[in-house]
Amino acid sequence: MFTYVLKTLWRHRTRTLLTVTGAAVAMFVFCFVGSVQEGLQRLTTGSDADRSLIVFQENRFCPTTSRLPEDYSRKIKEIPGVRDVMPIQVWTNNCRASLDIVVFNGADPQQIKSTRPLTLTAGDWHAFSTQRDAAIVGRNVAQRRGLKTGDQFSIGDISVKVAGVFQSTVPSEENLIYTSLAFLQYTRGLDAAGLVTQHEVLLTDDADPDRVASEIDAKLRAGSVATKTRRKGAFQASTLSDLVDLIGFAHWLGYACVGLVLSLVATTTVMSVQDRIKEYAVLQTIGVRPLRAMRLVLTESTILCLVGGIAGTALAMAALAIGGFAIGAEGATIAFRPSIGLALTGALVSLAVGIAAGLAPAIQAGTVPIVNALRQA
Amino acid sequence: MALVELRGVSKSFRKGDETITPLDDIDLDIDAGDFVSLMGPSGTGKSTLLNLVSGIDRPDSGTITVDGTEVTKLSRSKLADWRAANLGYIFQTHNLIPVLTAYENVELPTLLLNLSSTQRRQRVELALEAVGLSDRADHYPRQLSGGQEQRVGIARAIVAHPKVVVADEPTGSLDTETSEQVQVLLQRLNKELDITLLMVTHDRDAASIASRQLMLDRGKFLERGGDKESGSLGEWEVGVGNAGDSVAIKKFG
Ligand SMILES: Nc1ncnc2c1ncn2[C@@H]1O[C@H](COP(=O)(O)OP(=O)(O)OP(=O)(O)O)[C@@H](O)[C@H]1O
Ligand SMILES: [Mg+2]
């Protein structure tokens, strides 16, 4: 009986192919949208986002406008609950929302190595920490810009030598390029000797992040520049707030894709069943049970949907893995990564939509008035 | 007890305000091994009768029993099972599944039974052999002639070894020669495989090969009596249907 379904699909291969392609495209978009959502989700949750704080200049948003004294880190370290403070100079090529944002973080190489969740996949730490203009590049940026160890990479007034490529358990890290702090501070145009963009504060295990944040701001109010301290997740979410709204809206696009696949596969299946309603009457005359006739139709719609959906999902995963896509604004970035969860969601959604799309035509095939259908010429 | 028993079967159709009652309180008995042909003017309800016997349609009243099973009582799903095991249906326009080969078409009914793949293959091969189409097993319906298609249809109807095979004008769309081949085939199936056949036809020659010839006219059955062997045109008697209503003894031919 399965042969019958396959041969039926094959007989109308143009229709089958068009439907499968449509389902694939829609599921491709669905997975892409899903990966953006996941990226945002990761950015604002997890231990990196919850257990570290970002100290930024009050009422400033773009990294180029936040200028804090570097020695604030000493004062911050005195506050109970603070384990470590890393002064970071940030440089970005674009403060507005962009798909090809390049973000440099300048910090002490030893501190980067000990506090950031990074592993080098190429190059070595030694070269990075000893050469002044050395940089380690996140995997996503490397993929997007085609960078490898030994390359010279220039953008704006900055020119660095790639000393290594790293991957990270925190995908948004993979959109960054790390240099030493001094290198970025003395970049022409930044003019930031003794100044940094932000301080990243690591907390002790028992510290209450919000309490420490308000203590930091209170303590530094007496200093030359007032600060605003937030959890890293909240900081990134507020930095990206315009994008967050947009991305939140994009999940409707995901639902729309599911709806599209549903209507596409349902239309094809309804047409297919209506074309062959007499065949279903013949099958039932031979002794095929109504439920079995329904199963045949459901199998047909599910195959269409699964083949298209899985192809689209697989393509999306491949594109996400190879492309190293990210969207960012004001120095914060969201990485689009493939994930097993997303792939499973794609497959399950395809399966569910395939079954749903076949329901109406299946009922039609199962309950066909046999005699009337047979009397049709 | 007869293999097929119809008792007080009525069936009417509504078309707008009009009600047509092709079958009104019909009785009929068909014994195992009978080859019954059924003739009659167009629109008298011959196809309707076949559909009722095969359980793809339901009577408004009355009962139909086949081999002890009261098919009028079965649910749609049970009826499907019953048909798979007990009934073969030969259509006028063969109704083969176009995407399946001759072999796969004949195999279809066997997939609904509890058979091993070896048993299935044996049955399909035997059925194809019986209709003389073993060499066409891999052909698709569009690659077969009308007569060959009809023979595949016949093989499909007998492959499950049903108790009853009904045929609705099986030679209706065939030329005289092919039609004769199919008639011979049906007769052999009846004689050699002992299949009980109920065949509707408009063709007097086709009807004459049957062991019992019935005529349905205005809701009454007439049976051809007289000497079947001589082939002479005997008389049609009111016999099987509507006992007690002895309208007319009709001359036929
Ligand atoms: N589904 C239906 N809806 C309405 N009327 C129907 C339906 N099926 C049959 N009829 C009517 O019932 C009558 C008997 O139809 P049936 O097909 O049984 O005739 P028949 O004896 O097989 O005729 P023919 O020799 O032309 O095939 C006809 O008048 C037909 O119009
Ligand atoms: Mg008819």
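Just so it is clear, the model here is predicted, and its values are computed rather than measured.

**Focus: the packing of helix H11 (residues 241-275) of chain A against helix H14 (residues 340-366) of chain A**
Residues and elements named next belong to chain A.
Then comes step 1: Running from N to C, H11 and H14 cross one another at 30 degrees; their axes reach a closest spacing of 9 Å. Between H11 and H14, the angle is such that the two are roughly parallel. As for the relative orientation of H11 and H14, their crossing is right-handed in sense. Where H11 abuts H14, its residues Val 258, Val 261, Leu 262, Val 265, Ala 266, Thr 269, Val 270, Val 273 and Gln 274 lie against Val 349, Val 353, Ala 356, Ala 357, Pro 361, Gln 364 and Ala 365.

**Considerations on the UniProt feature "domain: MacB-like periplasmic core" (unreviewed entry) in chain A**
Then comes step 1: Taking the UniProt record as the reference, the feature "domain: MacB-like periplasmic core" (unreviewed entry) is found at residues 16-218 of chain A.
Then comes step 2: Here residues 16-218 of chain A runs as 36% helix and 30% strand, with 66 Å between its end C-alpha atoms.

**What to know about empty space enclosed by the protein**
Over the atoms rolls a probe the size of a water molecule, and in doing so it shows where empty space is left.
Then comes step 1: One pass over the full model with this rule turns up six cavities of 30 Å³ or more.
Then comes step 2: Taken together, 23 residues line the largest cavity, and the ones lying closest to its centre are Asn 105, Leu 176, Gln 198, Gln 236 and Gly 331 of chain A.
Then comes step 3: Listing elements by their share of the lining of the largest cavity, those giving two or more residues are strand E3 (82-92), strand E4 (103-106), strand E9 (176-179), strand E11 (198-203), helix H10 (232-239) and strand E14 (332-335) of chain A.
Then comes step 4: Per-element accounting of the lining of the largest cavity gives the leading share, four residues, to H10 of chain A.
Then comes step 5: Here the lining of the largest cavity gathers at least three residues from each of two domains, domain 1 (2-43 + 242-374) and domain 2 (59-225) of chain A.
Then comes step 6: By volume, the second largest cavity amounts to about 100 Å³.
Then comes step 7: Breaking the lining of the second largest cavity down by element, the ones donating at least two residues are helix H12 (277-286) of chain A together with strand E6 (87-90) and helix H5 (146-158) of chain B.

**Quick look at the pattern of salt bridges**
Then comes step 1: All told, the structure shown has 25 salt bridges over all chains when counted by the stated rule.
Then comes step 2: A salt bridge links Arg 212 of chain B to Glu 223 of chain B, with the nearest nitrogen and oxygen atoms 2.9 Å apart. Of this pair, Arg 212 of chain B sits in strand E9 (residues 212-217) while Glu 223 of chain B sits in strand E10 (residues 220-224); the two residues are 11 residues apart in sequence, bridging distant segments of the chain.
Then comes step 3: Overlapping salt bridges, with partners in common, bring together Arg 116, Glu 173, Glu 200 and Lys 232 of chain A in one network.

**Details of the site of ligand 1**
Then comes step 1: Around ligand 1 there are 14 residues in total, and Ser 42, Lys 46, Ser 47, Thr 48 and His 202 of chain B lie nearest to it.
Then comes step 2: Positioned at a junction of chains, ligand 1 has nearby residues supplied by chains A and B.
Then comes step 3: Between ligand 1 and the protein, one listed contact pairs an oxygen atom with a backbone N or O atom of Thr 44 of chain B at 3.3 Å.
Then comes step 4: For ligand 1, whose free accessible area comes to 630 Å², the fraction covered by protein is 80%.
Then comes step 5: Its atoms largely coinciding with the cavity grid, ligand 1 occupies the largest pocket.
Then comes step 6: Elements with a minimum of two residues in the shell around ligand 1: helix H15 (370-375) of chain A together with strand E1 (4-15) and helix H1 (46-53) of chain B.
Then comes step 7: Take the shell around ligand 1: its biggest share by element is three residues, from H1 of chain B.
Then comes step 8: Grouping the constituent residues of the shell around ligand 1 by class yields two nonpolar, eight polar and four charged.

Thresholds, definitions, all that
- Residues numbered from 1 in each chain as written.
- Chains lettered and ligands numbered in written order.
- Predicted model: local features only at pLDDT ≥ 70, side-chain atom pairs only at ≥ 80, totals over all residues.
- Heavy atoms only, no water.
- Axes fitted to C-alpha atoms, helices over the stretch in contact; angles between N-to-C directions.
- Helix = DSSP H or I, 4+ residues; strand = E, 2+ residues; numbered from the N terminus.
- Parallel < 35°, antiparallel > 145°, perpendicular 65-115°, else oblique.
- Left-handed = near helix turned anticlockwise from the far one by under 90°.
- Contact = heavy atoms within 4.5 Å.
- UniProt positions renumbered as here; feature names shortened; annotations may be inferred.
- 1 Å grid on protein atoms, 1.4 Å probe; cavity = no way out; pocket = protein on both sides within 12 Å on 5 of 7 lines; lining within 4 Å.
- Points joined across faces, edges and corners; volume = space filled by probe spheres on them.
- Domains from an automatic or database assignment.
- Salt bridge = Lys/Arg side-chain N within 4 Å of Asp/Glu carboxyl O.
- Near = heavy atom within 4 Å.
- Polar contact = N/O pair within 3.5 Å; in protein donor to acceptor, adjacent residues only side chain to side chain.
- Areas by Shrake-Rupley, 256 points an atom, 1.4 Å probe, with all protein chains shown as cover.
- Sits in = over half its atoms within 2 Å of the grid points.
- Nonpolar A, V, L, I, M, F, W, Y, C, P; charged D, E, K, R; others polar.

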